[in-house]
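# Inside the fold
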Amino acid sequence: MREMHIRGLTKADYDYIISVLDQWWGGPAGRRADPMFFYEFGEHALVAEQDGQVIGFLLGVMVPAPSATGYVHLVGIHPDHRRRGVGKRLYEQFTERCRAAGMKQIKSLASSGHEGPIRFHESMGFTSTEVPDYAGPGRSRVVFVKEL
Ligand SMILES: CC(C)(COP(=O)(O)OP(=O)(O)OC[C@H]1O[C@@H](n2cnc3c(N)ncnc32)[C@H](O)[C@@H]1OP(=O)(O)O)[C@@H](O)C(=O)NCCC(=O)NCCS
């Protein structure tokens, strides 16, 4: 396998992610990558690069104590590069940074009924719980948590 490199997010990466997000996600997802995930929280964001191409990204935040939570807001892998460990590498790197910053847990969400994200998180040791009304009335979410 060709070498993959995980590094921080630049504005050029952010612009690229915005341009491909709907395609990578298979639907309108552009609003999810709010600019604050670059301008305010960009220091926590990561991209995976191979042969000079961005093939995956992770947008996250670290919430200080008492929450002490590393929160993964959005992760996406280029459709041609899935199931090659790219998502896992991004999570591992983010987790390492969270641990070093004193975070006590990692958290993420998915919409209900999507097996891929559930299997992905469970494969990395997250517990998953479906919570009714999590995102408001009638809007359940699967909540993933992993203690560090
Ligand atoms: C979900 C997603 C981030 C996974 O990234 P990825 O790089 O393909 O995942 P990895 O290769 O690191 O997978 C690690 C393990 O997770 C599990 N897994 C990942 N995707 C899976 C899927 N679609 N179905 C079942 N298990 C899956 C497997 O156990 C896999 O290990 P294996 O390939 O050796 O069996 C990626 O498919 C994606 O971007 N999907 C579209 C956007 C999305 O759903 N984002 C997540 C919202 S929470």
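This section reports on the structure supplied with the text. (Residues numbered from 1 in each chain as written. Predicted model: local features only at pLDDT ≥ 70, side-chain atom pairs only at ≥ 80, totals over all residues.)

Attention now moves to the overall build of the chain. Check the secondary structure of the chain and you find four helices and seven strands. Traced from its N-terminal end to its C-terminal end, the chain shows the element sequence β-α-α-β-β-β-α-β-α-β-β. Radius of gyration (C-alpha) of the chain: 15 Å, near the 15 Å computed for a compact globule of 148 residues. Along the first, second and third principal axes, the C-alpha atoms of the chain reach 40 × 35 × 30 Å. Counting across all 148 residues of the chain, residues that qualify as buried make up 24%. In the chain, once contacts between residues fewer than 6 apart in sequence are set aside, the share between residues at least 24 apart is 54%. (Helix = DSSP H or I, 4+ residues; strand = E, 2+ residues; numbered from the N terminus. Rg over C-alpha atoms; globule rule 2.2 N^0.38 Å. Buried ≥ 20, exposed ≤ 12 C-beta atoms within 10 Å, placed from the backbone. Contact = placed C-beta atoms within 7 Å.)

Moving on to the sheet that holds strand β3 (residues 53-63). Across the sheet, which stays open at both edges, the seven strands sit in the order β1-β2-β3-β4-β5-β7-β6 with mixed pairing between neighbours. A single partner strand is all that each edge strand has here, and the edge strands are β1 (5-8) and β6 (127-131). The sheet shows a mean angle of 30° between the axes of neighbouring strands, direction not considered. Where β3 and strand β4 (residues 69-77) come together, eight bridges link them in antiparallel fashion. Bridging from a neighbouring strand, F57 pairs with G76 of β4. (Pairing = 2+ DSSP bridges. Axes fitted to C-alpha atoms, helices over the stretch in contact; angles between N-to-C directions.)

This brings us to the site of the ligand. Close to the ligand lie 19 residues; R82, G87, K88, G116 and R119 are nearest. Those elements giving two or more residues to the shell around the ligand turn out to be β4, α3 (86-100), β5 (105-111) and α4 (115-123). Top element by residues in the shell around the ligand is α4. It accounts for six residues. (Near = placed C-beta within 6 Å.)

The next thing to look at is α3. With 15 residues, α3 ought to run about 21 Å at 1.5 Å a step, and its terminal C-alpha atoms sit 21 Å apart, in line with that. Every buried residue of α3 is accounted for by V86, G87, L90, Y91, F94 and C98. Seen end-on, α3 carries its buried residues on one side only, within an arc spanning 130°. Relative to its buried face, α3 has exposed residues pointing more than 90 degrees away, namely E96 and A100. Where α3 is buried, its residues touch β1, β2 (46-50), β3, β4, β5 and α4. Just past α3, the residue G102 takes up positive phi, approximately 85°. (Expected span 1.5 Å × (residues − 1). Arc of directions from axis to C-beta.)

Here we come to unusual backbone geometry. Here the bond from A65 into P66 is cis, since omega is 10°, no more than 30 degrees from zero. Notably, D51 is not glycine yet its phi reads approximately 50°, a positive angle. Relative to the elements of secondary structure, D51 occurs in the loop between β2 and β3. On the basis of neighbour counts, which here come to 9 C-beta atoms within 10 Å, the residue D51 falls in the exposed class.

As for its placement among the helices and strands, A135 is situated in the loop between β6 and β7 (141-147). Separated by 56 residues in the primary sequence, A135 and P79 have C-alpha atoms spaced 27 Å apart.

Here we come to the pairing of β7. Examined bridge by bridge, β5 and β7 share seven bridges and lie antiparallel to one another. Its bridge partner being in β7, S108 is matched across the sheet by F144. Relative to β7, β6 runs antiparallel, the two sharing five bridges. What sits directly across from V131, in β7, is R141.

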